[in-house]
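# Report on the structure
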Amino acid sequence: MDYLVTGMAENKFRLVAISGKDTVEEARIRHNLSHTATAALGRTLLGAGLLASSFKSKYERILLQFRGDGPISPLIAIADRFINVKGYCENPKTELDLNASGKLDVGKAVGLGMLYVIREREEYEPYRGTVPIQTGEIGDDLAYYLKTSEQIPSAVGVGVLVDGSGFVRSAAGILVQVMPGATENDITEMEERLLELGSLSHRFDRGETPVSLLDQLFTNWTKLEERPVRFSCDCSKERFQKGLISLGSEELSDLIKKGEAIETICRFCNKQYLFTVDEMKGFLKKA
Ligand SMILES: [Zn+2]
């Protein structure tokens, strides 16, 4: 089962590590994702989960939207306080050649453009941040967003390992946020240790866990919380029903005249909801 662990390294760094193999595999199956799309959407889902780890309020959630000029964009993920994550990309069939490092070319698939972030919280105006996409590799872009938009210097690493048949072998991420107690020297050392770690997804494929990963990085850290992580969508037939009713009586009548059931699909989880002509006639009274 997937989960994330939060912690503190003295008063210097806030830490979050996530394992998300089942979550990303679920996204792959639901959206029938290519290898490249599995890595791209998977990293974005992991990133949304990492950023949602600080939420306290029940209704708090974060939306990440990568709008680049690559074939997979836009790439969208949402995570809530309970680390329910969901998301989709425009073109799930996108497949590109491996990049120069022999990795799935997420950067090219996403392309350059803008990253939009929206944080929603009940009774508050949503917080909106927009930054230019730096590399499209997701982790770099989220770190850049946190530093420039939220003024929290951070390191973000997210990785997904896909096998030859497209199955997710591992999915992992880490977020290290610099706290006021960290000196320049602490930060440099932390960055060096992060670089030395190498590929997170390969480490998790060999049995690394969120806790053992943080143990590798920090000799003196305290675990604060553990939260389960899952792919989960809160869509329902009622919600799509409301959408149909909101079309108004004229458009509903046109749909009914066609005499065919209407199929609606949730973009986030690909679930289909079917509405019969008789159901639609019932909606006319409410429209
Ligand atoms: Zn859904």
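### A short note on the overall build of the protein chain
- Regarding its fold elements, the protein chain presents 10 helices and 13 strands.
- A compact globule built from 287 residues should have a C-alpha radius of gyration of about 19 Å, and the protein chain, at 21 Å, falls within 12% of that.
- Viewed in the frame of its principal axes, the protein chain has a C-alpha envelope of about 70 × 45 × 35 Å.
- Sequence separation of at least 24 residues holds for 66% of the intrachain contacts in the protein chain that already meet a minimum separation of 6.

### Focus: the domain arrangement of the protein chain
- In terms of domain boundaries, the protein chain breaks down into domain 1 (3–231) and domain 2 (237–284).
- Distance between the C-alpha centres of domain 1 and domain 2: 36 Å.
- Taken residue by residue, the interface counts 5 residues in domain 1 and 4 residues in domain 2.
- Per-element accounting of the side of domain 1 that touches domain 2 gives the leading share, 3 residues, to strand β5 (residues 84–89).
- Taken together, the residues of the side of domain 1 that touches domain 2 sort by class into 1 nonpolar, 2 polar and 2 charged.

### Let's talk about helix α2 (residues 35–52)
- Counted at 1.5 Å a residue, the expected span for α2 with its 18 residues is 26 Å, and the 26 Å between its end C-alpha atoms agrees.
- In terms of residue burial, α2 counts as a mostly covered element, since 18 of its 18 residues are buried.

### What to know about the sheet that holds strand β10 (residues 222–228)
- Strand order in the open sheet formed by 5 strands is β8-β9-β2-β1-β10, with antiparallel pairing between adjacent strands. Since the sheet does not close on itself, it has two edges, and those belong to β8 (154–162) and β10, each with one partner. The mean angle between the axes of side-by-side strands here comes to 10°, regardless of whether they run parallel or antiparallel.
- Bridging between β8 and strand β9 (residues 168–178) involves 9 bridges; their strand directions are antiparallel. Residue pairing across strands places Val160 opposite Ala171, the latter belonging to β9.

### Focus: the sheet that holds strand β3 (residues 61–68)
- Spatially, the 6 strands line up as an open sheet ordered β7-β6-β3-β4-β5-β11, and their pairing is mixed. If you trace the sheet from one side to the other, it starts and ends with β7 (127–132) and β11 (230–231), each paired once.
- Sheet topology note: the β3/strand β6 (residues 113–120) ladder contains 8 bridges and is antiparallel. Residue pairing for β6: Leu64 is matched across the bridge by Val117.
- Against the sheet, helix α4 (residues 139–148) makes contact with β6 and β7, and its axis sits at roughly 120° relative to β7, the strand it touches most.

Each value, and the rule that gives it
Residues numbered from 1 in each chain as written. Predicted model: local features only at pLDDT ≥ 70, side-chain atom pairs only at ≥ 80, totals over all residues. Helix = DSSP H or I, 4+ residues; strand = E, 2+ residues; numbered from the N terminus. Rg over C-alpha atoms; globule rule 2.2 N^0.38 Å. Contact = placed C-beta atoms within 7 Å. Domains from an automatic or database assignment. Nonpolar A, V, L, I, M, F, W, Y, C, P; charged D, E, K, R; others polar. Expected span 1.5 Å × (residues − 1). Buried ≥ 20, exposed ≤ 12 C-beta atoms within 10 Å, placed from the backbone. Pairing = 2+ DSSP bridges. Axes fitted to C-alpha atoms, helices over the stretch in contact; angles between N-to-C directions.

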